[in-house]
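Results of the structural survey
As a plain string of letters, each chain reads:
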Amino acid sequence: MTGEDPRYLGIAPYLYYTDATEAVEWLTRVFGFTEKVRYVDAVGEVFQATLSAGGSDIHLAGVGDEYWPAKGVDGPVGQLNVVYVDDVDAQFERVDESVGDGLEVSRPQDQPYGARLFTVQDIGGNSWTFWQHISDTADLPAGWREIRNGEVVSGNGAESVEDAGDEESGNAEGAGDHAAG
């Protein structure tokens, strides 16, 4: 090492499924992801696979029926995967048609932070939000602020975060924490 910080080259979710073979089929059929590679056991069941969505990889692993109960939970907890798309309404139609009455798919909605999105839970309990950027302007609720690189850019005027203080009960970070709307 030369003492320099490493460069980030990307980030990819690694998701667990009770039946990874079924998950690969479902994610490629319903979401339109592309299968890159799968590793199967002696009977042909997927124990690991990599799919892609655009230039991003999604890794998944088969963990069997006993995995989540051994962790003390019913299934994945707190996971939300955001997939950026150029036409969220077209993706919604694809997903809604593919799942039929099997799963509830929220309808696309415009969000005050410049996104149009919808969310669906997959067969393994993982949540997916398909997100289309529609505006660089955030229409934030009263008292909220948009902060970029330490500067307040909308809300209570352009000032540094230190100058702005915490008078709005700690909500200074704004809408970015509410991806699923």
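Once a new chain begins, its residue numbering starts again from 1 and follows that chain's sequence as written. Under the rules for a predicted model, residues below a pLDDT of 70 receive no local features and side-chain atom pairs below 80 are neither given nor counted, while totals for whole chains, interfaces and linings still include all residues. Remark: hydrogens and water are excluded; side-chain values derive from all non-hydrogen atoms of the structure.

**Comments concerning the packing of aromatic side chains**
- The aromatic pairing rule takes the rings of Phe, Tyr and Trp, using the six-membered ring of Trp, and pairs them if the centres are within 6.5 Å, calling planes under 30 degrees apart stacked, those over 60 edge-to-face and the rest tilted. For the coordinates displayed, the defined rule picks out 14 aromatic pairs.
- Ring geometry for tyrosine 16 versus tryptophan 68: centroids 6.2 Å apart, planes at 80 degrees, classification edge-to-face. Residue tyrosine 16 is found in strand β1 (residues 14-17), and its partner tryptophan 68 is found in helix α2 (residues 67-71); the two are separated by 52 residues along the sequence.
- Relative accessible area serves as the criterion here: at 31%, tyrosine 16 is assigned to the partly exposed category.
- Throughout this description, buried means an accessible area under 20% of the type-specific maximum (1.4 Å probe, protein chains only), exposed means over 50%, and partly exposed covers the range between. You can call tryptophan 68 buried: its relative accessible area is 13%. In this description a helix means any DSSP run of H or I spanning at least four residues, a strand means any run of E spanning at least two, and both kinds are numbered starting from the N terminus.

**A look at the sheet that holds strand β6 (residues 109-111)**
- In space, the 4 strands of this open sheet follow the order β5-β8-β7-β6, with mixed pairing throughout. Across the chains shown, the open sheet's two edge strands, defined by having one partner strand only, are β5 (80-84) and β6. Direction aside, neighbouring strands of the sheet carry axes that sit 35 degrees apart on average.
- Of the strand pairs in this sheet, β5 and strand β8 (residues 127-133) are connected by 5 bridges, and their pairing is parallel. Bridge assignment links leucine 80 to a residue of β8, and that residue is serine 127.
- This element, helix α3 (residues 88-99), spans β7 (115-121) and β8 of the sheet and lies at about 15 degrees to β7. The criterion for strand pairing is that DSSP finds at least two bridges linking the strands in question. Inter-axis angles, ranging from 0 to 180 degrees, are taken between N-to-C directions of lines fitted to C-alpha atoms, where helices are fitted over the stretch in contact. Contacts: residue pairs with any heavy atoms within 4.5 Å of one another.

**Some points on the nonpolar core**
- Nonpolar cores are built from buried Ala, Val, Leu, Ile, Met, Phe, Trp, Tyr and Cys residues. Side-chain atoms within 4.5 Å join them into one set. Membership of the largest hydrophobic core comes to 27 residues, with the highest contact counts inside it found for Leu27, Phe31, Phe33, Leu60, Trp128 and Phe130.
- Elements supplying a minimum of two residues to this core: β1, α1 (20-31), β3 (46-53), β4 (56-62), α3, β7 and β8.
- The biggest single contributor to this core is α1, with 7 residues.
- Not counting the four nearest positions on each side in its chain, leucine 60 is found in contact with Leu15, Tyr17, Ala20, Ala23, Val24, Leu27, Phe47, Gln48, Ala49 and Leu51.

**Overview of the confidence of the model for the protein chain**
- Confidence of the predictor at the level of single residues is given by pLDDT, which spans 0 to 100. When the pLDDT values of the protein chain are averaged, the result is 83; 84% of them are 70 or greater.
- Counting interchain partners and residues more than four positions distant, the pLDDT-below-50 stretch residues 156-161 has 15 contacts.

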